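Take a look at the letters that make up each chain.
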Amino acid sequence: MATVIEPRPLADLEQDAVARVEAEFARRAQGAKPWTTTEMVERVCRVHARYEQRRQWLRRHEQQAA
């Protein structure tokens with residue numbers, strides 16, 4: 001029997017993506033070539049930008065469907 005899975009809010013997905021970047025930063029800190037703070041901040045900014053683009057896309061398409 002299949003169950004319906006509720007879609008997660010976009011904000012939760014965004015926070016999960018930021019947490020993955022932070023985990024990768026921590027993992028790389030133990031290695032031979034750690035990220036600089038600037039590299040980590042750039043990657044977090046990319047995550048936020050990607051989700052902002054998604055929100056804008058969803059807003060445009062909700063208006064077109066109505």
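Report follows, based on the coordinates. (Residues numbered from 1 in each chain as written. Predicted model: local features only at pLDDT ≥ 70, side-chain atom pairs only at ≥ 80, totals over all residues. Heavy atoms only, no water.)

**Observations concerning the packing of aromatic side chains**
Any two aromatic rings considered together are summarised by their centre-to-centre distance and by the angle between their planes.
Part 1: Under the counting rule described, the total for this entry stands at 0 aromatic pairs.
Part 2: Across the ring face of W35, the terminal group of R43 is positioned such that the distance to the ring centre comes to 4.2 Å. (Phe/Tyr/Trp six-rings, centres within 6.5 Å; stacked < 30°, edge-to-face > 60°. Lys NZ or Arg CZ within 6 Å of the ring centre and 35° of its normal.)

**A few points about the pattern of salt bridges**
Part 1: All chains considered together, the criterion is met by 5 salt bridges.
Part 2: Across the pair R59 and E52 runs a salt bridge, and its minimum N-O distance is 3.8 Å.
Part 3: Among the charged side chains, a network of salt bridges with common partners joins E14, E52, R55 and R59. (Salt bridge = Lys/Arg side-chain N within 4 Å of Asp/Glu carboxyl O.)

**Looking at the environment of V47**
Part 1: Looking at the element boundaries, V47 is found in helix 2 (residues 37–65).
Part 2: The exposure class assigned to V47 is buried, which follows from its relative accessible area of 3%.
Part 3: For the pair V47 and V21, spaced 26 residues apart in the sequence, the C-alpha separation amounts to 8.7 Å.
Part 4: Leaving out residues up to four positions away in the same chain, V47 has contacts with E14, A17, V18 and V21. (Helix = DSSP H or I, 4+ residues; strand = E, 2+ residues; numbered from the N terminus. Buried < 20%, exposed > 50% of the residue type's maximum accessible area, 1.4 Å probe, protein only. Contact = heavy atoms within 4.5 Å.)

**Focus: the nonpolar core**
Part 1: A17, V18, V21, W35, M40, V44, V47 and Y51 form the largest nonpolar core, which has 8 residues in total.
Part 2: Going through the elements one at a time, helix 1 (10–29) and helix 2 are the ones with two or more residues in this core.
Part 3: Of all the elements, helix 2 adds the most residues to this core, at 4 residues. (Core = buried A, V, L, I, M, F, W, Y, C linked by side-chain atoms within 4.5 Å.)

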